[in-house]
Amino acid sequence: MTSGLFRRSILLTAMLAVFCAFTALPARADHCTDIANQLKEGIDGLKVGITAGNIIYLSHPKAKEMSLGCPNRKYTNELYVKSYSRKPKADFVGFVAGAAAIVFTLPKDELVRGVSGCLSRMGFFRGDDVSIRYRRLDMNCTRTRQDAAIAISRGIDQ
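Values in this document were obtained by computation on a predicted structure and should not be read as measured data.

Conventions used here
- Residues numbered from 1 in each chain as written.
- Predicted model: local features only at pLDDT ≥ 70, side-chain atom pairs only at ≥ 80, totals over all residues.
- Heavy atoms only, no water.
- Salt bridge = Lys/Arg side-chain N within 4 Å of Asp/Glu carboxyl O.
- Helix = DSSP H or I, 4+ residues; strand = E, 2+ residues; numbered from the N terminus.
- Buried < 20%, exposed > 50% of the residue type's maximum accessible area, 1.4 Å probe, protein only.
- Contact = heavy atoms within 4.5 Å.
- Pairing = 2+ DSSP bridges.
- Axes fitted to C-alpha atoms, helices over the stretch in contact; angles between N-to-C directions.

Engineer: What is the right way to look at the pattern of salt bridges in this model?
Structural biologist: When their charged atoms lie close together, side chains carrying opposite charge are able to pair. Summed over the entire model, instances satisfying the criterion amount to 6 salt bridges. Residue Arg135 is joined to Glu110 by a salt bridge in which the shortest nitrogen-to-oxygen separation is 2.9 Å. Note that Arg135 is positioned in the loop between β5 (129–134) and β6 (137–143) and Glu110 in helix α4 (residues 108–121), a separation of 25 residues in sequence. Since its relative accessible area comes to 46%, Arg135 is described here as partly exposed. When the shortest N-O distance is used, the salt bridge between Asp128 and Arg143 registers 2.9 Å. Taken as a pair, Asp128 in the loop between α4 and β5 and Arg143 in strand β6 lie far apart in primary sequence, 15 residues in all. What makes Arg143 buried here is its relative accessible area of 14%. Within the structure, one salt-bridge network assembled from shared partners comprises Lys64, Glu65, Lys82 and Asp147.

Structure (structure tokens):
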């Protein structure tokens with residue numbers, strides 16, 4: 001009789017342990033949507049759009065295209081912003097640096113230096129596709145005849 005009660009208590013303990021293990025798992029999508037909501041609260045005029053796969057699409061009047069890449073096997077987060085002009089103005093650089101400061105939790109004034117450095121390196125000698133590394137961030141700047149874009153990411157090992 002006591003062995004039946006003992007088995008039930010072990011079974012109940014095991015079921016409770018499994019339940020606790022599943023409720024304590026972190027949710028990756030929630031972390032990414034939290035960052036998108038922080039961007040929305042921190043930048044005036046920013047709107048959070050749809051989520052497709054691991055990408056949250058954002059919109060702002062200063063950006064032609066904007067997206068936030070959620071963590072995957074290659075990077076922790078990625079911020080992609082495309083400008084309306086081939087040579088972006090200082091307000092666009094400040095906007096991108098402010099968004100990157102929220103996503104990667106770095107000071108905005110240092111990110112202004114990194115973003116402007118990446119965008120200014122594109123030209124006749126270095127070409128229209130420039131990659132730099134700044135403050136453990138990978139920055140890739142590209143431009144076409146009509147617009148310029150920057151993708152800022154941090155690798156998994158960083």
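Engineer: Looking at this model, I keep getting lost on the side chain of Ser67. Mind explaining?
Structural biologist: Checked against the element boundaries, Ser67 lands in strand β3 (residues 63–69). On the basis of relative accessibility, which here comes to 11%, the residue Ser67 falls in the buried class. Excluding anything up to four places from it in sequence, Ser67 contacts Ile55, Ile56, Tyr57, Leu58, Glu78, Leu79 and Tyr80.

Engineer: Hey, could you run me through the sheet that holds strand β7 (residues 148–155) in this one?
Structural biologist: Pairing between sheet strands relies on hydrogen bonds along the backbone, with the strands arranged either parallel or antiparallel. In space, the 7 strands of this open sheet follow the order β1-β2-β3-β4-β7-β6-β5, with antiparallel pairing throughout. The sheet terminates laterally at β1 (47–52) and β5, the two strands that pair on one side only. Strand-to-strand twist of the sheet, defined as the mean angle between neighbouring strand axes without regard to direction, takes the value 20°. As paired elements, β6 and β7 share 6 bridges and run antiparallel to each other. Residue Thr142 lies in a different strand from β7, and its bridge partner there is Ala149. Against the sheet, helix α3 (residues 90–104) touches β2 (55–60), β3, β4 (75–82), β6 and β7, its axis set at about 165° to β4.

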